[in-house]
Amino acid sequence: MRIDVLGVGFDNVTMAEAVDRALALLHGEGTHYVVTPNPEIVEVCRENLAAKIAVNEADLVLPDGIGVIKGAAMLGTPLKEKTPGIEFAGHLLERMAEEGLSLYLLGAKPGVAEAAAKNLAERYPGLVIAGTHDGYFKEDAPVAEAIRQSGADVVFVCLGAPKQELWMRKNGPATGARLLCGLGGSLDVFAGVVERAPKFWSDHGLEWFYRLCKEPRRIGRMMKLPLFLVHVKQEKRRK
Ligand code: UDP
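Computed from a predicted model, the values in this text were never measured in an experiment.

Right, let's get into helix α6 (residues 112–123). Here α6 spans 16 Å end to end across 12 residues, near enough to the 16 Å set by a 1.5 Å rise per residue. When we look at burial in α6, the residues that qualify are Val-112, Ala-113, Ala-116, Ala-117 and Leu-120. Axial view of α6: buried residues confined to an arc of 135 degrees, hence all on one face. Away from its buried face, by an angle of more than 90 degrees, α6 presents the exposed residues Lys-118 and Glu-122.

Ranked by internal contacts, the top residues of the largest apolar core, which has 38 residues, are Phe-88 and Phe-156. When contributions to this core are tallied by element, the ones reaching two or more residues are α1 (15–27), α5 (85–99), β5 (102–107), α6, β7 (154–158), β8 (179–182) and α9 (186–190). Contact partners of Phe-156, with chain neighbours within four places excluded, come to Ala-89, Leu-92, Leu-93, Leu-103, Tyr-104, Leu-105, Leu-106, Cys-181, Leu-183 and Phe-190. The next biggest cluster of nonpolar side chains, apart from the first, holds 37 residues, and it includes Val-35, Ala-58, Leu-75 and Leu-106.

Parameters at a glance
- Along every chain, residues carry numbers that run from 1 in the direction the sequence is written.
- Residues qualify for local features only when their pLDDT is at least 70, as the model is predicted, and side-chain atom pairs are given and counted only at 80 or more; totals for whole chains, interfaces and linings, by contrast, use all residues.
- Heavy atoms from the whole structure form the basis of all side-chain values; hydrogens and water molecules are not counted.
- In DSSP terms, a helix is any run of H or I states spanning at least four residues, a strand is any run of E spanning at least two, and both are numbered starting from the N terminus.
- One fewer than the residue count of a helix, multiplied by 1.5 Å, yields its expected span.
- Each residue gets one of three labels from its accessible area relative to the maximum for its type: buried under 20%, exposed over 50%, partly exposed in between, using a 1.4 Å probe on protein chains only.
- Directions from the helix axis toward the C-beta atoms define the arc.
- Grouping buried Ala, Val, Leu, Ile, Met, Phe, Trp, Tyr and Cys residues that are joined through side-chain atoms within 4.5 Å yields what is termed a nonpolar core.
- Throughout, a residue-residue contact means that at least one pair of heavy atoms, one from each residue, lies within 4.5 Å.

What follows is the structure, given as structure tokens:
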């Protein structure tokens, strides 16, 4: 049973359980995908039915940050812990490296995925980089085919939300990969283009504030955070 937060169903798992679930999907039959919504994406899903379907149809829905955890607690249905996409990716990469599995990186500006691939190959010896592609392409089919040709086990799809969720739902099976993970701006972090907030900020639930200070142009998007809290309060009253 998933925990509903304003129409998005979240899996109630610890980070360790999330990684185990992802590995099980990876070793199962067929193609699966993982999403890591934050409050901003929950708000997008309230307005965009296609996005909501793509998010809820994922095989694993992980709360990306403290906002969703707070929202779930306020609604009286707490989630075990936050499982930020980028940290989930790190744990998954460790396990993939141990098993010698292969990874395709899709997304970000030209050159970023290659730089991320180089850093990840150094950081996770044993990991096989199957290929990379930037996130600014017009047609999906040739990209899905390139991934299929690469034989990748896992694809990190980093096109921003909800583009990446829609892309994975539509094109996942055509890639032939067993697991796709929608990870937003993670390639920029892996490539060293963007820094993650220092631990102090994320430990205090203030990663969003750190990012806002670094990238003030995010203010419009971040206004969705207070809106999310207003909607959670309304939902609580309604319940
Ligand atoms: N991006 C992309 N193709 C697009 C739009 C965005 O590859 O058509 C990339 C963008 O370059 C960035 C990532 O998607 O690397 C989205 O980053 P953002 O910080 O918006 O994601 P978040 O982590 O906040 O979801």
